[in-house]
Amino acid sequence: MEQVKIMHLPKIEDQRGNLSFIEEENHIPFKVKRTYWIYDVPGGQLRGGHAFKEQQEFIVALSGSFDVVIDNGKTKQTFTLNRSYYGLYISAGLWRQMQNFSTNSLALIMSSTHYNELDYIRDYQKYKKFRREYDR
Ligand code: TYD
């Protein structure tokens, strides 16, 4: 069953500043096989624009803000990430696009899989077909 969920992370505040952390299988429901980050995105650029068959992921705006648009083939939902103490969990099987990156934004993505191009669905029509089979 696909799922998209904002997850709040611990935030330890003191006079020296704030600290947040993520533990696999605790704050996020999978083991982390890969972490990558997206930065220096020119204004108006889109990232993502694909789905994963297997990969689950967790996205945090470590700095700045951006929107993540989730599309299950029927409806779209937009999540704005703009704090480093929460993130968006996205299960497999969902089309997602990232947009409206603010200047100097930094997106951290934790993934349940190693990089595998074969896990991507990059063609929206193929995604719709995948969803029709998935939803049956
Ligand atoms: P892609 O996943 O399409 O980026 P985005 O979803 O942010 O638009 O990846 C862009 C390129 O980087 C593509 O050629 C694959 C490569 N890549 C890796 O080699 N390893 C990785 O872990 C990721 C995420 C991408």
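Here, the structure is the one placed above.
Computed from a prediction, not measured in an experiment: that's the story for all the values here.

Calculation criteria
Residues numbered from 1 in each chain as written. Predicted model: local features only at pLDDT ≥ 70, side-chain atom pairs only at ≥ 80, totals over all residues. Heavy atoms only, no water. Helix = DSSP H or I, 4+ residues; strand = E, 2+ residues; numbered from the N terminus. Contact = heavy atoms within 4.5 Å. Near = heavy atom within 4 Å. Polar contact = N/O pair within 3.5 Å; in protein donor to acceptor, adjacent residues only side chain to side chain. Areas by Shrake-Rupley, 256 points an atom, 1.4 Å probe, with all protein chains shown as cover. Buried < 20%, exposed > 50% of the residue type's maximum accessible area, 1.4 Å probe, protein only. Pairing = 2+ DSSP bridges. Phe/Tyr/Trp six-rings, centres within 6.5 Å; stacked < 30°, edge-to-face > 60°.

Draft legend 1. A look at the environment of Trp37. Inspection of the secondary structure assignment puts Trp37 in strand β4 (residues 34-39). For the pair Trp37 and Ile109, spaced 72 residues apart in sequence, the C-alpha to C-alpha distance is 5.8 Å. Among residues more than four places away in sequence, those in contact with Trp37 are Leu106, Ala107 and Leu108.

Draft legend 2. Quick look at the site of the ligand. The environment of the ligand is formed by Arg34, Tyr36, Ile38, Arg47, Gly48, His50, Arg96, Tyr115, Tyr120 and Arg122. One nitrogen or oxygen atom from the side chain of Arg47 is found 3.1 Å from an oxygen atom belonging to the ligand. Here an oxygen atom of the ligand sits 2.9 Å away from a polar atom, N or O, in the side chain of Arg122. The protein chains hide 63% of the 520 Å² of surface that the ligand would expose on its own.

Draft legend 3. View of the environment of Thr35. With respect to the element layout, Thr35 can be found in strand β4. By relative accessible area, which is 36% here, Thr35 ends up partly exposed. A C-alpha to C-alpha distance of 9.0 Å links Thr35 and Ser112, two positions 77 residues apart in sequence. The contacts of Thr35, once residues within four sequence positions are left out, are Leu108, Ile109 and Met110.

Draft legend 4. Main features of the sheet that holds strand β5 (residues 47-52). Strand order in the open sheet formed by five strands is β8-β7-β10-β5-β12, and the pairing between neighbours is antiparallel. Either end of the sheet is taken by a strand with one partner, and the two such strands are β8 (76-81) and β12 (120-121). Strand direction decides the pairing type here: strand β7 (residues 66-71) and strand β10 (residues 95-99), joined by five bridges, are antiparallel. In the sheet register, Val69 faces β10, and the bridge partner there is Gln97.

Draft legend 5. Main features of the packing of aromatic side chains. The tally for this structure, following the rule as stated, stands at ten aromatic pairs. With centroids separated by 4.7 Å and ring planes inclined at 70°, the aromatic side chains of Phe52 and Tyr120 adopt a geometry described as edge-to-face. On the criterion of sequence distance, the pair formed by Phe52 in strand β5 and Tyr120 in strand β12 is long-range, its members being 68 residues apart. We note that Phe52, like Tyr120, is buried. Aromatic side chains Trp95 and Tyr124 sit 5.1 Å apart centroid to centroid with 85° between the ring planes, which places their arrangement in the edge-to-face category. In this pair, Trp95 sits in strand β10 while Tyr124 sits in helix α1 (residues 124-135), placing the two residues 29 residues apart along the sequence. A relative accessible area of 10% places Trp95 in the buried class.

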